[in-house]
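Examining the three-dimensional arrangement
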Amino acid sequence: MELRHLRYFVAVAEAGNLTTAAKRRLHTSQPSLSRQIRDLEYEVGAELLSRSVRGVELTAAGRAFLDHARLALMQVDAAVEAARTEARPAKKTFAIGFQTGQEMDWLPRVMAVLRDELKNIEVAISSDYSPDLADALARGRLDLAFLRAEPGYDLGYHVVDREPLIVLMPSDHRLVAKQAIHPRELVGQIFIGGSKKATVLRAVTEAYLRRAGVDIKLDHGVDNLAMAMSLVSSTRGLALMPAYAKNLLPASVVSRPLEGEAPMIDVAVGYSKSNTSPILKLFLSRLDELVGPNKPASRQA
């Protein structure tokens, strides 16, 4: 008994007609197919098909044989696919992290830069907050990340954008009526800013408030935007956060720009200096495609 016998039998059983199965499914002649079925029945030792002028019908033995024949063919197909999969060279994974909310802006551009390599690699995408992304880069869990230039890590950074800080507030706060918020209007409000973990955001915020000449005590330090938005809603406080927060705001929280020259915070592409990935090297060589020809990326240690 050969595999072709099983395939021919299943095709005839499903078509219900020898001629139809021969022409449309097996692309062979009807007499040849009839001989293959007779050979199979001889091997099995039982009649599997009952022939009539209307076509063919399964006998009781044929019905019992059909399920096992289908299962055998499925197992053979699975074995073939498993062998082919193992024979193909495995695609290398290129892991990219984004600050939660920024993937909306940057992922399409990243995929455009990598367009010629996508058939050869698996791209793994994740989102997290900047200090955690830096830690993942340092530990080798990510190849590349869009984050802040976090201190304390031996990473390479290329600044690809600068974004302003904006004011987050409850949607029914009295300052919602204003088109822009002067820093003096933050005085006396519950103030939410970066925690000690969010070192870059905290430093940019504190430097801005000093330049503006306002003395504001931090009431709540947060590690990430989710914490900031939750505290804005629950405490009715105001928060200074990067502009990409607008991608994530719930209905209960709105944003307003700062009046005058707003403080800016860098968005950088970060990577481990010890990472030898050729895809990383290629990506870094194409950073100008990511940011545009008129805005070249700048490098930081």
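Residues numbered from 1 in each chain as written. Predicted model: local features only at pLDDT ≥ 70, side-chain atom pairs only at ≥ 80, totals over all residues. Heavy atoms only, no water.

**Here we look at the overall build of the protein**
- Secondary structure assignment for the protein yields ten helices and twelve strands.
- Here the C-alpha atoms of the protein give a radius of gyration of 33 Å, more than 25% beyond the 19 Å that 2.2 N^0.38 yields for 301 residues.
- Here the protein, with 301 residues, has 44% of them falling under the buried criterion.
- Element-wise, carbon and sulfur atoms account for 51% of the exposed surface of the protein, whose accessible area totals about 16,100 Å².
- Here the protein carries 39 positive and 35 negative side-chain charges, and the mean point of each set is 3 Å from the other. (Helix = DSSP H or I, 4+ residues; strand = E, 2+ residues; numbered from the N terminus. Rg over C-alpha atoms; globule rule 2.2 N^0.38 Å. Buried < 20%, exposed > 50% of the residue type's maximum accessible area, 1.4 Å probe, protein only. Areas by Shrake-Rupley, 256 points an atom, 1.4 Å probe, with all protein chains shown as cover. Lys, Arg positive; Asp, Glu negative; His and termini not counted. Charge placed at Lys NZ, Arg CZ, Asp CG, Glu CD.)

**Comments concerning unusual backbone geometry**
- Phi at Arg-236 takes a positive value of approximately 60°, unusual for a residue other than glycine.
- Counting through the fold element by element, Arg-236 comes out in the loop between α8 (225-235) and β9 (238-242).
- Note on Arg-236: relative accessible area 39%, which makes it partly exposed.

**Structural notes on the pairing of strand β3 (residues 92-99)**
- In terms of burial, β3 is a largely internal element, six of the eight residues being buried.
- Here eight bridges tie β3 to strand β4 (residues 121-128), and the two strands are oriented parallel to one another. Directly across from Lys-92, in β4, lies its bridge partner Ile-121.
- Of the crossover connections in this fold, the one passing from β3 over helix α5 (residues 103-113) to the parallel β4 is right-handed.
- In this sheet, strand β5 (residues 144-147) lies alongside β3 in parallel orientation, the contact comprising three bridges. Directly across from Phe-98, in β5, lies its bridge partner Phe-146. (Pairing = 2+ DSSP bridges. Right-handed = clockwise from strand over helix to strand, strands pointing away.)

**Side note on the packing of helix α1 (residues 3-15) against helix α3 (residues 30-44)**
- At a closest axis distance of 9 Å, the pairing of α1 and α3 adopts a crossing angle of 110°. The angle between α1 and α3 falls in the class roughly perpendicular. As for the relative orientation of α1 and α3, their crossing is left-handed in sense. Contact residues: α1 offers Arg-4, His-5, Tyr-8, Phe-9 and Val-12, while α3 offers Leu-33, Gln-36, Ile-37, Asp-39 and Leu-40. (Axes fitted to C-alpha atoms, helices over the stretch in contact; angles between N-to-C directions. Parallel < 35°, antiparallel > 145°, perpendicular 65-115°, else oblique. Left-handed = near helix turned anticlockwise from the far one by under 90°. Contact = heavy atoms within 4.5 Å.)

**Here we look at the pairing of strand β6 (residues 155-170)**
- Here β6 lies mainly inside the structure; 13 of its 16 residues are buried.
- Taken together, the nine bridges between β6 and strand β11 (residues 264-272) define a ladder with antiparallel strand orientation. Residue pairing across strands places Arg-162 opposite Asp-266, the latter belonging to β11.
- As judged from the four bridges shared by β6 and β9, these two strands associate in the antiparallel manner. Counted as the bridge partner of Ile-166 is Met-241 from β9.
- As paired elements, β6 and strand β10 (residues 253-257) share five bridges and run antiparallel to each other.

**Focus: α1**
- For α1, which comprises 13 residues, the first-to-last C-alpha distance of 18 Å matches the rise-based estimate of 18 Å (1.5 Å per residue) to within 8%.
- Residues of α1 that are buried include every one of His-5, Leu-6, Tyr-8, Phe-9, Val-10, Ala-11 and Val-12, and no others.
- Within two residues after α1, Gly-16 carries a phi angle of roughly 75°, on the positive side. (Expected span 1.5 Å × (residues − 1).)

**Describing the packing of aromatic side chains**
- Under the criterion given, the structure shown has two aromatic pairs.
- Ring plane angle 15° and centroid distance 5.1 Å describe the contact between Phe-98 and Phe-146, whose orientation is recorded as stacked. Note that Phe-98 is positioned in strand β3 and Phe-146 in strand β5, a separation of 48 residues in sequence.
- Residue Phe-98 is classed as buried on the basis of its relative accessible area, which comes to 0%.
- On the basis of relative accessible area, Phe-146 is assigned to the buried category, the value being 0%.
- Within the aromatic cluster, the residues linked to one another by ring pairs are Phe-98, Trp-106 and Phe-146.
- When the ring centre of Trp-106 is taken as origin, the NZ or CZ atom of Arg-109, which lies over that ring, is 4.0 Å away. (Phe/Tyr/Trp six-rings, centres within 6.5 Å; stacked < 30°, edge-to-face > 60°. Lys NZ or Arg CZ within 6 Å of the ring centre and 35° of its normal.)

**Remarks on the pattern of salt bridges**
- In this structure the tally under the stated criterion is 13 salt bridges.
- The salt bridge partner of Asp-266 is Arg-162, with a shortest N-O separation of 3.0 Å. Placement of Asp-266 in strand β11 and of Arg-162 in strand β6 is noted, with a sequence separation of 104 residues between them.
- Look at Arg-162 and you get partly exposed, because its relative accessible area is 49%.
- Ionic contacts of the salt-bridge type, sharing partners, join the residues Asp-135, Arg-139 and Arg-141 into one network. (Salt bridge = Lys/Arg side-chain N within 4 Å of Asp/Glu carboxyl O.)

**Let's talk about the nonpolar core**
- Of all hydrophobic cores here, the largest spans 37 residues; its most connected members are Val-167, Leu-168, Met-169, Leu-186, Leu-240 and Met-241.
- Ranked by size, the runner-up nonpolar core spans 21 residues in total, among them Ile-96, Leu-114, Phe-283 and Leu-287. (Core = buried A, V, L, I, M, F, W, Y, C linked by side-chain atoms within 4.5 Å.)

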